Amino acid sequence: MTNSMRLDAAESAFFARELEYVKARTYDIKYPNLKARQIIPVSNEVPNGANEVTYQQFDRVGRASIIKPGATDIPRVDVSGLEFSRPVRWGGVAYGYNLIEIRQAMYAGRPLDQKKAAAARRAQEELLDEVAAIGAADYGIATGFINNATLVAAVETATGEWDDPTTTADEIIGDVQTLNSAIVNASEGSEMGDTLAIPDSQYAALASRPRSTTSDTTILNFLLASIPNLKAIIPWWRLKLAGVGGTTDRAILYTRSSEHVEQDIVQEFEQMPVFQNGMNFNIDTFVASAGTAFYYPLSARYMDGV
């Protein structure tokens with residue numbers, strides 16, 4: 001006596017064709033509110049199977065000086081380097097169908113419901129989005145894009161909340177200029193942020209409020225036109241209450257370039273072969289990520305209280 005039931009040849013062929021259809025359809029699903037891929041450049045260069053991701057940062061030490069002819073004490077330069085590592089962490093979720101669902105679909109001549117596969121893909125994308133944004137502190141990825149420890153140590157404070165009608169347009173514009181100047185000054189002019197990410201409510205306010213009572217230009221358009229290095233302003237719901245202590249909203253001005261900041265997705269969404277457990281046919285799925293790294297922290301700056 002056995003506790004499992006097998007598909008006959010026709011059912012197996014039907015199921016195999018349906019799984020190919022279901023798997024293909026999952027890659028067509030769009031996730032507009034999962035914005036980490038849009039906001040943070042993605043790298044897939046780390047080989048699948050790596051346990052950690054390491055990058056090196058080098059700095060020059062020493063300077064030239066005026067010397068006398070025949071001098072033997074010419075100053076020397078050198079290069080020092082640091083290594084930064086993050087572990088690769090895997091995420092898994094499964095979906096499946098039971099024998100009755102497969103036979104009913106075959107009998108009715110209709111395709112298997114691909115919503116289960118889409119739900120698995122969605123769950124994995126949500127995990128990748130979260131790890132990129134805030135890390136996975138319980139699993140060794142201490143921080144992410146919106147809570148980087150180096151950036152938190154130098155966070156700016158807004159004059160007033162940008163979605164509060166009592167905060168003037170000039171105060172909001174001044175706050176963004178403060179962010180911009182902070183990056184330029186801290187990097188001695190070597191960095192200038194080109195993208196401003198802010199919470200949804202603040203984005204709506206900037207996109208709808210006029211620059212002044214005598215202008216039909218919005219605050220958002222004015223900022224993009226008046227700050228030459230600013231190329232984009234992007235809303236992201238994850239920045240709501242992302243400030244220190246989780247009580248204030250956060251904005252971040254940064255350079256949206258893989259040379260400056262990057263999320264390492266080591267394994268994109270992958271589906272394993274079907275395995276049977278009794279009357280159930282299950283498909284395991286996997287992803288892997290090492291989270292986000294700021295290669296040049298001086299190229300970005302947080303502002304809380306926006």
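Note that the structure is a prediction, hence the values are computed from the model and not measured. The residue count restarts for each chain, going from 1 along the sequence in the order it is written. Predicted model: local features are reported for residues with pLDDT of at least 70 only, side-chain atom pairs are reported and counted for 80 or more only, and whole-chain, interface and lining totals are derived from all residues. The basis for every side-chain value is the complete set of non-hydrogen atoms in the structure, without hydrogens or water.

What follows deals with the side chain of Lys 35. Helix and strand definitions here come from DSSP, where helices need a minimum of 4 consecutive H or I residues and strands a minimum of 2 consecutive E residues; each element is numbered from the N-terminal end. The residue Lys 35 is located in the loop between α1 (9–26) and α2 (36–39) in this model. Partly exposed residues are those whose accessible area sits between 20% and 50% of the maximum for their type, while under 20% is buried and over 50% is exposed, using a 1.4 Å probe and protein chains only. For the purpose of counting charges, residues Lys and Arg are taken to be positive, whereas Asp and Glu are taken to be negative. His and the chain ends are not included. Salt bridges are identified by distance alone: a Lys or Arg side-chain nitrogen within 4 Å of an Asp or Glu carboxyl oxygen. No salt bridge is formed by the buried Lys 35. Its closest oppositely charged neighbour is Asp 200, at 4.9 Å. Ignoring sequence-local partners within four residues, the contact set of Lys 35 consists of Asp 129, Pro 235 and Trp 236. Residue contacts are counted whenever heavy atoms from the two residues lie within 4.5 Å of one another.

Let us now look at the pairing of strand β11 (residues 280–294). Burial within β11 is extensive, with twelve of its 15 residues counted as buried. A pair of strands is considered paired only if DSSP assigns at least 2 bridges between the two. Strand direction decides the pairing type here: strand β9 (residues 261–271) and β11, joined by eight bridges, are antiparallel. Across the sheet, the residue bridging to Glu 270 is Phe 286, located in β11. From the end of strand β10 (residues 275–277) to the start of β11, which pair antiparallel, there are two residues, and Gly 278 there has a positive phi angle of about 65°.

The terminal C-alpha atoms of helix α6 (residues 169–186), which comprises 18 residues, lie 26 Å apart, in line with the 26 Å expected from a rise of 1.5 Å per residue. Buried residues in α6 make contact with β5 (156–157), β6 (195–198), α7 (200–208), α8 (219–226), β8 (250–254) and β12 (301–304). Downstream of α6 by one or two residues, Glu 188 has phi in the positive range, about 55°. Expected span of a helix, by definition, is 1.5 Å for each gap between consecutive residues, and there is one gap fewer than residues.

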